[in-house]
Amino acid sequence: MASVGSDPATRSPLGTSALKILVAGGFGVGKTTLVGSVSEIPPLRTEEMLSEIGGEVDNLEGVESKRTTTVALDFGRITVNDALILYLFGTPGQERFWFMWDELALGALGAVVLADTRRLDGSFAAVDFFERRQIPFIVAVNNFYGHQLYSADEVREAIDLDQGVPIVQCDVRHRESSKVVLTTLLEDLIARATQKAARR
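Residues numbered from 1 in each chain as written. Predicted model: local features only at pLDDT ≥ 70, side-chain atom pairs only at ≥ 80, totals over all residues. Heavy atoms only, no water.

Student: In this structure, what is going on with the pattern of salt bridges? I would like to understand it.
Tutor: For side chains bearing opposite charge, pairing can occur when the charged atoms are close. Following the criterion strictly, the structure yields eight salt bridges and no others. The salt bridge partner of Asp102 is Arg133, with a shortest N-O separation of 2.9 Å. Of the two residues, Asp102 is situated in helix H3 (residues 101-105) and Arg133 in helix H4 (residues 124-133); the sequence distance between them amounts to 31 residues. Under the relative-accessibility criterion, Asp102 is labelled partly exposed at 41%. According to the relative accessible area criterion, Arg133 is partly exposed, its value standing at 37%. Two residues, Asp171 and Arg173, come together in a salt bridge whose shortest N-O distance is 2.6 Å. Overall, Arg173 belongs to the partly exposed group, its relative accessible area being 48%. A network of salt bridges, in which partner residues are shared, links Asp116, Arg118 and Arg119. (Salt bridge = Lys/Arg side-chain N within 4 Å of Asp/Glu carboxyl O. Helix = DSSP H or I, 4+ residues; strand = E, 2+ residues; numbered from the N terminus. Buried < 20%, exposed > 50% of the residue type's maximum accessible area, 1.4 Å probe, protein only.)

Student: I tried to follow empty space enclosed by the protein on my own but got confused; where do I start?
Tutor: Rolled over the atoms, a probe as big as a water molecule pinpoints where empty space is left. Applying the stated rule across the entire model yields two cavities of 30 Å³ or more. Its volume calculated, the largest cavity comes out at about 40 Å³. Grouping the constituent residues of the lining of the largest cavity by class yields three nonpolar, three polar and two charged. (1 Å grid on protein atoms, 1.4 Å probe; cavity = no way out; pocket = protein on both sides within 12 Å on 5 of 7 lines; lining within 4 Å. Points joined across faces, edges and corners; volume = space filled by probe spheres on them. Nonpolar A, V, L, I, M, F, W, Y, C, P; charged D, E, K, R; others polar.)

Student: Which parts of the structure should I look at to understand the environment of Gly90?
Tutor: Along the chain, the position of Gly90 falls in strand S4 (residues 84-90). Through-space distance from the C-alpha of Gly90 to that of Leu104 is 8.7 Å; in sequence the pair is 14 residues apart.

Student: What am I meant to see in the pairing of S4 here?
Tutor: Within a regular strand, the side chains alternate between the two sheet faces. Among the seven residues in S4, five count as buried, and that is most of the element. As defined by bridge partners, strand S1 (residues 18-25) adjoins S4 across six bridges and the pair is classed as parallel. In the strand pairing of S4, Lys20 is matched with Tyr87. (Pairing = 2+ DSSP bridges.)

Student: Would you mind showing me how to read helix H6 (residues 175-199) here?
Tutor: Because an α-helix packs 3.6 residues into every turn, residues spaced three or four apart end up facing the same way. Between its first and last C-alpha atoms H6 spans 36 Å; for 25 residues at 1.5 Å apiece the expected length is 36 Å, and the two agree. Looking only at H6, the buried set comprises Ser177, Ser178, Lys179, Val181, Leu182, Thr183, Thr184, Leu185, Leu186, Asp188, Leu189 and Ala193. (Expected span 1.5 Å × (residues − 1).)

Student: Before we go on, may I ask you to explain the nonpolar core in this structure?
Tutor: One broad rule of soluble globular proteins: the nonpolar side chains tend to lie buried together. If you look at the biggest cluster of nonpolar residues, it comprises 26 residues, and the most contacted ones within it are Leu22, Val113, Phe130, Phe137, Val139 and Leu161. Elements supplying a minimum of two residues to this core: S1, strand S3 (68-81), H3, strand S5 (110-115), H4 and strand S6 (137-142). Element by element, the count of residues in this core is highest for H4, at four residues. Those residues in contact with Val139, other than ones at most four positions away along the chain, are Val113, Ala115, Ile159, Leu161, Val165, Pro166, Ile167 and Val168. Val23, Leu86, Cys170 and Leu186 belong to the second-largest nonpolar core, a separate cluster that totals 24 residues. (Core = buried A, V, L, I, M, F, W, Y, C linked by side-chain atoms within 4.5 Å. Contact = heavy atoms within 4.5 Å.)

Student: What should I look at first to understand the packing of aromatic side chains in this one?
Tutor: Any aromatic ring pair is given by two values, namely how distant the centres are and how the planes are angled relative to each other. What the rule picks out here adds up to five aromatic pairs. Judged by centre distance (6.0 Å) and plane angle (10°), the rings of Phe75 and Tyr87 are stacked. Here Tyr87 lies in strand S4 and Phe75 lies in strand S3, a separation of 12 residues in the sequence. With a centroid separation of 5.1 Å and an interplanar angle of 90°, the aromatic rings of Phe129 and Phe130 are classed as edge-to-face. Judged on exposure class, the residue Phe129 and its partner Phe130 are both buried. Clustering of aromatic rings is evident, with ring pairs tying together Trp101, Phe129, Phe130 and Phe137. (Phe/Tyr/Trp six-rings, centres within 6.5 Å; stacked < 30°, edge-to-face > 60°.)

Student: Help me understand the pairing of S1 in this model?
Tutor: Burial within S1 is extensive, with seven of its eight residues counted as buried. One ladder, built from five bridges, connects S1 with S5; its direction is parallel. Within S5, the position partnered with Gly25 by the bridge is Leu114.

Student: In this structure, what is going on with the side chain of Asp171? I would like to understand it.
Tutor: Locating Asp171 in the fold gives a position in the loop between strand S7 (167-170) and H6. On the accessibility criterion, Asp171 (10% relative accessible area) is buried. A polar contact of 2.6 Å, which involves the side chain of Asp171, links it to the side chain of Arg173. (Polar contact = N/O pair within 3.5 Å; in protein donor to acceptor, adjacent residues only side chain to side chain.)

Below, the structure written as structure tokens:
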């Protein structure tokens, strides 16, 4: 990952050594996979087998082969350097668990909204959630098939995303790709903090 200087004089303008980051998005978009691929510790997962009853409630279109689902949260950690550690909290994707998002968002400095171009409407709720709460976020387009289906501009237009929100293409099955996602978010948070400090 791009590192922030460890010298106290050059530490991150974010002003803290431990950052809480949310990973959100629709059902089956890859949140658990992202947290697991990049975490330096065995990730905490609260996955349960999909039930017949749940299948009647959850929209499985595009993820018919999915067998498990997160019912509370995913948790992982990654050390950027000796001055900065990220704590990653993956949110549950199904609408019936959205009530947990407010609790998970407490203290979060920023977020990654994962989007699946096969089901872009699944990212609308997460984008709206962070916009309403004024929590900075980026959109990471998870390319499940190893190739880019749509350009960043096409995705931005499809979900009516503000020009200031970064979009990054990724494949969260791969650690280096997931690290690029987190680096993009960190760079955006640092830029925001720097601009805010300059306005004082």
